Structure formats: C-alpha cells, structure tokens
Amino acid sequence: MKTTKQTAMIKGDKHMNTNRQTATFVGVMFILATVSAILGLYFYQPILNGPDYLINGAAYQNQVSLGVLMELILVCSNIGTAIGLFPLLKPYSERIALGHFSFRFLEVVIITIGIVSVLSLLTLSQDFVAAAAPDASTYHAAGTLLLAVHTWTFALGPLFMLGVNTFMYSYLLYKSELVPRRLAVLGLTGATLVLVAALLVLFGVYPQLSVPVTLLALPIASYEMILAGWLIAKGFNSSAITSESAKTEAHALLNVA
C-alpha cells in the first residue's frame, strides 16, 4: 500500500505535469494569436486600403478569405488563452481573473463583428463587379459604412479591450509571481500603452496603423511573444503554485474546523 507521503508525491507530480501542459498550451495560444492577427491585417490590405477596394475585394477574394481565416484563428486562440489562464489566476483574485476572462471574450466578440464586416464588404465588392451598370454612389456609401465598422471594431477590440484584459492578467501574474515579475511589469506597461493608443484613435488624434499608434502597440505584441516563449520553455513558477495551494488547503481546513 502507498504511504501518505507517496500519495502526496504522486498528486504533486500530476499537478506539476498539468500546470506544465497548461503553460505550454497558453504559450502556443499566445503565439497563434499574435501571428494570426498580423497575417490577418496583411491579407486584408486589398479590401481595407485604397480607393479601389470595391474592385480589389473581388479580385483578391482568396487573399481576403485567407485574412478572415487568420482572424478566426485569432478568435479561437484568444479564447484559448482565457480558458487556460483562468484556473491559474483564480486563486489569487477570483474577481480580477473573472474580469480578465470576461474582457477577453468581449475582445473576441468585437473582433468577430469586424470579421463579419469584412465578409460583408467582400460580398458587396463581388456584387459591384458583377453588376452591369452599378450605382457607384450607393455601393460606396455601403462600403464606407462597412469600412467604418471594421475600423472601430479594431480600435475597441485589439486595442482597448486587449489593453484592459492584459492589464488584469499581468497584474495577477505580478502578484502571484507565476512568471518573473519583470516580465509581468512589461505586460502592465504594454497594456497601459495600448490603452493610450486606443484613446488616441477614439478621439481622432491619430488614425489607426499610424506610426505613433503602431509604436504604442508594439510593446504588448512583444510582451505576448516573450511571455509565450517563457511559458513554453520554463512554464509557470511551480513554487508559487505549491505555496498558493498550501494556503488554500490550510484555509479550507480552518473553515472546516
């Protein structure tokens, strides 16, 4: 028969393996999210930029559709990071962990609305090209509206909501020491800067993808890639997890007593 010590060691090993797998999963999700977001914007170029977007959309249909696929991967990856981080962050502050989870899903919902606007714009472009004598002013009015929807979903989703949820989980990473605190500080800094970028776009100070906005958004993209690399290579701090688990068990025993 196994002794109590042996049973505890087996449970500890299983717990560490689970946390290691979670860290790898979250790291991979962060990489997929960052890469797919960049590729999505790149493949969208023909239909989002330039005065001939109504013609270019139909002409570059496959490329635009590939951009849509990249953003769908972004949506799934963002959900993956939320699901992976929540149980680890919850012991340190359930409210903040739930807040991060909720704002991450809000980000995903807004991104999805942006995807629908691009698909609608693609359909509009195809109809415009197929029409024998299209009413250009009508098509351009509809196209302008759809472009505006995508512009504002980009400002509110990948900028504002991203800043809020990143600040929340980075704060808990700092508090818990699940990763080195200097890495969590980079996350807090990147989240603050991308929130500033979102506000600058919201109030019309700078357009999206302008140099100042891009520079303000770069730190958070770098942070996610560095964090992903750390999680895949090193995982979460096992001593911090063990310490918090011991506190939780002790608290539970005191409540029972």
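All chains use their own residue numbering, which begins from 1 and follows the written sequence. The model is predicted, so local features are restricted to residues of pLDDT at least 70 and side-chain atom pairs to those at 80 or more, both for listing and for counting; the totals for chains, interfaces and linings are taken over all residues. Just so you know, side-chain values use all the structure's heavy atoms and leave hydrogens and water out.

Q: A description of the overall build of the protein should follow, citing residues and the corresponding values.
A: From N to C terminus, the protein includes nine helices and zero strands. Taken from N to C terminus, the helices and strands of the protein fall in the order α-α-α-α-α-α-α-α-α. Going through the 257 residues of the protein one by one, you find that 40% of them count as buried. Only heavy atoms enter the contact rule, under which two residues are in contact if any of them lie within 4.5 Å. Here the contacts in the protein between residues at least 6 apart in sequence split such that 78% fall between residues at least 24 apart. Carbon and sulfur atoms provide 70% of the accessible area of the protein, an area that totals close to 13,500 Å². Numbering goes from the N terminus for both helices and strands, where a helix is a DSSP run of H or I of at least four residues and a strand is a run of E of at least two. Buried, partly exposed and exposed residues are distinguished by accessible area as a fraction of the type maximum, computed with a 1.4 Å probe on protein chains only: under 20%, between the cut-offs, and over 50%, respectively. Values of accessible area rely on a 1.4 Å probe in the Shrake-Rupley scheme; residue burial ignores everything except the protein chains shown.

Q: Provide a residue-level description of the packing of helix 4 (residues 61–89) against helix 5 (residues 94–130), including the pertinent values.
A: Comment: axis = line fitted to C-alpha atoms, over the contacting stretch for helices; angle = value between 0 and 180 degrees taken between N-to-C directions. The contact between helix 4 and helix 5 brings their axes to 9 Å, and the two run at 170 degrees. Considered as vectors, helix 4 and helix 5 are oriented roughly antiparallel to each other. Classification convention: Asp, Glu, Lys, Arg as charged; Ala, Val, Leu, Ile, Met, Phe, Trp, Tyr, Cys, Pro as nonpolar; all other residues, Gly among them, as polar. For the contact of helix 4 with helix 5, the class distribution of residues is 21 nonpolar, seven polar and three charged. Orientation is classified from the angle alone, with under 35 degrees giving roughly parallel, over 145 giving roughly antiparallel, 65 to 115 giving roughly perpendicular, and any other angle giving oblique.

Q: How would you sum up the packing of aromatic side chains? Please name residues and give values.
A: Note on aromatic contacts: the rings of Phe and Tyr and the six-membered ring of Trp form a pair at centre separations within 6.5 Å, being stacked when their planes are under 30 degrees apart, edge-to-face when over 60 apart, and tilted otherwise. On inspection of all chains with the given rule, the structure shows six aromatic pairs. For a lysine, the NZ atom is tested; for an arginine, the CZ atom; a charge sits over a ring if that atom is within 6 Å of the ring centre and within 35 degrees of the ring normal. The positively charged end of Arg-181 is found above the aromatic ring belonging to Tyr-174, 4.3 Å away from the centroid.

Q: Hey, could you go over unusual backbone geometry for me, with residue numbers and the actual values?
A: Phi is mostly negative for residues that are not glycine, and the peptide bonds are mostly trans. Phi is positive for Glu-177, close to 60 degrees, though the residue is something other than glycine. You can see Glu-177 is positioned in the loop between helix 6 (136–176) and helix 7 (181–202).

Q: Help me get a handle on the confidence of the model for the protein, residues and values and all.
A: Known as pLDDT, the predictor's per-residue confidence is scaled from 0 to 100. For the protein, the average pLDDT comes to 89, and 88% of its residues sit at 70 or higher. Predicted confidence for residues 4–12 stays below pLDDT 50, and this span has three contacts to residues more than four positions away or in other chains. Below pLDDT 50 for its whole length, residues 248–254 participates in zero contacts with residues either more than four positions away or in separate chains.

Q: Could you give me a rundown of helix 6, with the residues and numbers involved?
A: In an α-helix, one turn spans 3.6 residues; hence positions three or four apart end up facing the same way. In this scheme, a helix's expected span is set at 1.5 Å multiplied by one less than its residue total. Over its 41 residues, helix 6 runs 58 Å from end to end, which matches the ideal 60 Å to within 8%, given 1.5 Å per residue. Across the chain, bend at a residue is computed as the angle between axes fitted to the seven residues ending at that point and the seven starting from it. Its axis deflected by about 35 degrees at Leu-162, helix 6 carries its strongest bend there. Positioned one or two residues after helix 6, Glu-177 has a phi angle of 60 degrees, which is positive.

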